[in-house]
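Below, each chain spelled out in residue letters.
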Amino acid sequence: QVQLVESGGGLVQPGGSLKLSCAALGRSFMPNAMGWFRQAPGKQRELVATITSGGSTHYADSVKGRFTISRDNAKSTVILQMDSLKTDDTAVYYCSVYTSEGWGARDDYWGQGTQVTVSS
């Protein structure tokens, strides 16, 4: 079993910053890639940022230049640094694991979700 534990969500004003953390708990769990999704009210879930085991990153156009995804040296913890936050960034953010079956192929390949609210 794998458990993805997320933290760091909260309330922030537009232009502010938040840092999300996702710890993949499991003995020597080394997925090919990890990433962050988000789902805002009235919208479909969207991919925000990804990072591979080799450190290659990808960002959605809507967050490029504002968000930064990174991993620790063990590649078991993923960080999403969010700067210059906008109200449109308000959503529940989910950490996920990528395997040969795709993103979140198992129930335990999703975090519990952490609420990010950007409001003045």
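Reference entry: report on the structure contained in this document. Predicted model, so just to flag it, every value in this text is computed and none were measured.

1. A short note on the packing of aromatic side chains
Okay, step 1: Enumeration according to the criterion identifies three aromatic pairs in this entry.
Okay, step 2: Three or more aromatic residues joined by ring pairs form one cluster here, namely Phe37, Tyr98, Trp103 and Trp110.
Okay, step 3: It is Arg45 that lies over the ring of Phe37; its NZ or CZ is 5.4 Å from the centre.

2. Some words on the nonpolar core
Okay, step 1: Among the nonpolar cores identified, the biggest contains 29 residues, and Trp36, Leu80, Met82 and Tyr93 are the most heavily contacted of them.
Okay, step 2: Contributing elements (two or more residues each) for this core: β3 (18-25), β4 (33-39), β5 (46-52), β7 (67-71), β8 (77-82), β9 (91-99) and β11 (114-118).

3. Regarding the pairing of β4
Looking down a regular strand, the side chains alternate between one sheet face and the other.
Okay, step 1: The buried fraction of β4 amounts to six of the seven residues, a majority that puts the element mostly inside the structure.
Okay, step 2: As judged from the six bridges shared by β4 and β5, these two strands associate in the antiparallel manner. Paired with Phe37 across the two strands is Leu47, which belongs to β5.
Okay, step 3: Bridge analysis of β4 against β9 gives seven bridges, and the strand direction is antiparallel. Its bridge partner lying in β9, Ala33 is registered against Tyr98.

4. Description of the sheet that holds β3
Okay, step 1: Taken in spatial order, the four strands of this open sheet run β1-β3-β8-β7, and their pairing is antiparallel. If you trace the sheet from one side to the other, it starts and ends with β1 (3-7) and β7, each paired once. In this sheet, neighbouring strand axes are inclined to one another by 15 degrees on average, regardless of whether the strands run parallel or antiparallel.
Okay, step 2: As judged from the five bridges shared by β1 and β3, these two strands associate in the antiparallel manner. Residue Ser7 lies in a different strand from β3, and its bridge partner there is Ser21.

Cut-offs used in this document
Residues numbered from 1 in each chain as written. Predicted model: local features only at pLDDT ≥ 70, side-chain atom pairs only at ≥ 80, totals over all residues. Heavy atoms only, no water. Phe/Tyr/Trp six-rings, centres within 6.5 Å; stacked < 30°, edge-to-face > 60°. Lys NZ or Arg CZ within 6 Å of the ring centre and 35° of its normal. Core = buried A, V, L, I, M, F, W, Y, C linked by side-chain atoms within 4.5 Å. Buried < 20%, exposed > 50% of the residue type's maximum accessible area, 1.4 Å probe, protein only. Helix = DSSP H or I, 4+ residues; strand = E, 2+ residues; numbered from the N terminus. Pairing = 2+ DSSP bridges. Axes fitted to C-alpha atoms, helices over the stretch in contact; angles between N-to-C directions.

Shape is all these values report; function is a separate question.
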